[in-house]
Amino acid sequence: MPDDQYLQRIGRLIRDSRKHRGWTQTQLATALGTSQSAVHRIEQGGQNLSLEMLTRISDALDSEIVSLGHSGPMHLRVRGGAKLSGSIDVKTSKNAGVGLLCAALLNKGRTTLRRVARIEEVNRILEVLNSIGVRTRWLNEANDLEIIRPAQLDLAAMDAEAARRTRSIIMFLAPLMHDHERFELPYAGGCDLGTRTVEPHMTALRPFGLEVKATGGSYHAEVDGDAVPDRPVVLTERGDTVTENALMAAARRDGVTIIRNASPNYMVQDVCFYLTELGVRIDGIGTTTLTVHGVPNIERDIDYAPARTRSRR
């Protein structure tokens, strides 16, 4: 078979695996540290792929794109009929953990998150939170995390270096806009305003009164505190972080906000369930249309466990 046909077949496998995970090309590109156009070429079979790149793609999508070492078909013989018993206990979602850390900024009470994944992205977010006055501490070896937000955040003291090392800093926009008429956020390299990575967030947050200009390596945000969406907020991209930003913007807006084309993924559901614990009513969790009944002031001491699978029979 010609090389271009192999590349096209591999590209289709990558595309199908990406869609099965619910990712956009931009999300896959972010995970790989490349551009959306490069991912597009790969999926079209227009770019040569090294084994290293195939391995990185497989790891990012949690899917074995190409299997090496098997020259022929593989056969499995399964004998059923056996009664299964026991338990399975897996770690919490790393993606949900990042969203929940950002959402904790909405709560002026104490948040305790159970079994948070201790990954670099979480560490960077914690560094930023600590620098602006949020007190955080690991409670035990089970990775339970306590978060206490001060009455006033010290945004001028923000750790810009830590902020630039995480793309998730974009999810600070919605929580901060509730208590600050003007503020600045550093942005990570490659996340220029107007690109596909950032513009969907701006489109989602403008109906809530947020306007952002990017100059000098920072987002300069101004907020119209009286602005209220007068129609459903339609997301231009069904992304997880975009949906979470829109949820956090609606959570403390008095009234009802409808969010359409929302991501139904598990990490978004986790943020929804956390907000529900804070007293925010959300209808349609797990679907692409979310109806958020906002609460202007949130101050609760809550204990929340991010999603994890536990099965016992």
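Remember, predicted model here, so these are calculated numbers, not experimental data. Residue numbers run consecutively from 1 along every chain, following the written order of its sequence. Local features are withheld for residues below a pLDDT of 70 in this predicted model, meaning they are given only at 70 or higher, and side-chain atom pairs are given and counted only at 80 or more; totals for whole chains, interfaces and linings count all residues. Only hydrogens and water are set aside; all other atoms, that is, all heavy atoms of the structure, feed into the side-chain values.

### Digging into the confidence of the model for the protein
When pLDDT drops low, the exact placement of atoms in the prediction is not to be read closely. The criterion, for reference: Each residue carries a pLDDT score, the predictor's own confidence in it, on a scale running from 0 to 100. Counting from the N terminus, the helices are the DSSP runs of H or I reaching at least four residues and the strands are the DSSP runs of E reaching at least two. It only takes one pair of heavy atoms within 4.5 Å for two residues to be counted as in contact.
On average, the protein scores 87 in pLDDT, and the residues at 70 or more come to 88%. Of all helices and strands in the protein, the one with the weakest mean pLDDT is strand E13 (residues 310-312) (37), whereas strand E10 (residues 281-283) scores best (98). Of the regions scoring below 50 in pLDDT, residues 190-196 engages in 17 contacts with residues more than four places distant in sequence or in other chains. Counted against residues more than four places away or in other chains, residues 309-313, with its pLDDT under 50, gives 14 contacts.

### Some details on the nonpolar core
Formally: Think of a nonpolar core as a cluster: buried Ala, Val, Leu, Ile, Met, Phe, Trp, Tyr and Cys residues, connected wherever their side-chain atoms sit within 4.5 Å. The cut-offs for exposure are 20% and 50% of the maximum accessible area for each residue type, with area from a 1.4 Å probe on protein chains only; residues under the lower value are buried, those over the upper are exposed, and the others partly exposed.
Counting 71 residues, the largest nonpolar core has Phe172, Phe183, Leu247 and Leu275 as the members making the most contacts within it. At seven residues, the largest contribution of residues to this core is made by helix H10 (residues 240-251). Sequence-distant contacts of Phe183, that is, excluding residues within four places in its chain, are made with Leu155, Leu173, Leu176, Met177, Leu210, Tyr219, His220, Ala221 and Val223. Counting residues in each nonpolar core, the second largest holds 14 residues, with Ile14, Ala29, Val39 and Leu54 among its members.

### Overview of the packing of H10 against helix H11 (residues 266-277)
For clarity, the cut-off: Lines are fitted to the C-alpha atoms to define the axes, a helix being fitted only along its stretch in contact, and any angle between axes, read from their N-to-C directions, falls within 0 to 180 degrees. For this classification, under 35 degrees means roughly parallel, over 145 means roughly antiparallel, 65 to 115 means roughly perpendicular, and everything else is oblique. For any helix crossing, the convention is left-handed if the near helix is rotated counterclockwise from the far helix by under a right angle, and right-handed if that rotation is clockwise. Throughout this entry, Asp, Glu, Lys and Arg are counted as charged residues, while Ala, Val, Leu, Ile, Met, Phe, Trp, Tyr, Cys and Pro are counted as nonpolar. The remaining residues, Gly among them, count as polar.
Put simply, H10 and H11 touch, their axes get as near as 9 Å, and they point 15 degrees apart. Taken together, the axis directions place H10 and H11 in an arrangement best described as roughly parallel. At the point where H10 passes H11, the crossing takes the right-handed sense. Along its contact with H10, which presents Asp240, Thr243, Glu244, Leu247 and Ala251, the element H11 presents Met267, Val268, Val271, Cys272 and Leu275. Taken together, the residues of the contact of H10 with H11 break down into seven nonpolar, one polar and two charged.

### As for the sheet that holds strand E6 (residues 210-215)
Cut-off, in case you're wondering: Pairing between strands requires that DSSP locate at least two bridges from one strand to the other.
With antiparallel pairing, three strands are arranged side by side in an open sheet as E5-E7-E6. If you trace the sheet from one side to the other, it starts and ends with strand E5 (182-186) and E6, each paired once. Within the sheet, the average angular offset between the axes of one strand and its neighbour, ignoring direction, is 25 degrees. Direction of pairing for E5 relative to strand E7 (residues 218-223): antiparallel, over a ladder of five bridges. Bridge pairing in E7 places Phe183 opposite Ala221.

### A short note on the side chain of Asn265
Counting through the fold element by element, Asn265 comes out in the loop between strand E9 (255-260) and H11. For Asn265, the residues in contact, after removing those within four places along its chain, are Arg21, Gly22 and Asp240.

### Let's talk about the pattern of salt bridges
This is how the line gets drawn: What counts as a salt bridge is simple: a side-chain nitrogen of Lys or Arg found within 4 Å of a carboxyl oxygen of Asp or Glu.
Tallied over the full model, the rule gives 17 salt bridges. A salt bridge links Asp303 to Arg114; the shortest N-O distance between them is 2.4 Å. Placement of Asp303 in strand E12 (residues 302-304) and of Arg114 in the loop between strand E2 (110-113) and helix H6 (120-131) is noted, with a sequence separation of 189 residues between them. Linking Glu127 and Arg124 is a salt bridge whose minimum nitrogen-to-oxygen distance equals 2.8 Å. Remark: Arg124 and Glu127 occur in helix H6; sequence separation between them is three residues, near one turn of the helix. Taken together, the shared-partner salt bridges in this structure form one network comprising Lys108, Arg149, Asp179 and Arg252.

### Quick look at the environment of Glu237
Position of Glu237 among the secondary structure elements: in the loop between strand E8 (233-234) and H10. Judged by its relative accessible area of 11%, Glu237 is buried. Here the alpha-carbon distance between Glu237 and Thr24, two residues 213 residues apart in the chain, equals 8.4 Å.

### Overview of the sheet that holds E8
A sheet is described by the order of its strands in space; here four strands give the open sequence E8-E9-E11-E10, paired in mixed fashion. Sheet topology places E8 and E10 at the edges, where each strand pairs with a single neighbour. Across two bridges, E8 lies against E9 in parallel orientation. From the neighbouring strand, Val233 faces E9, where its bridge partner is Ile259.

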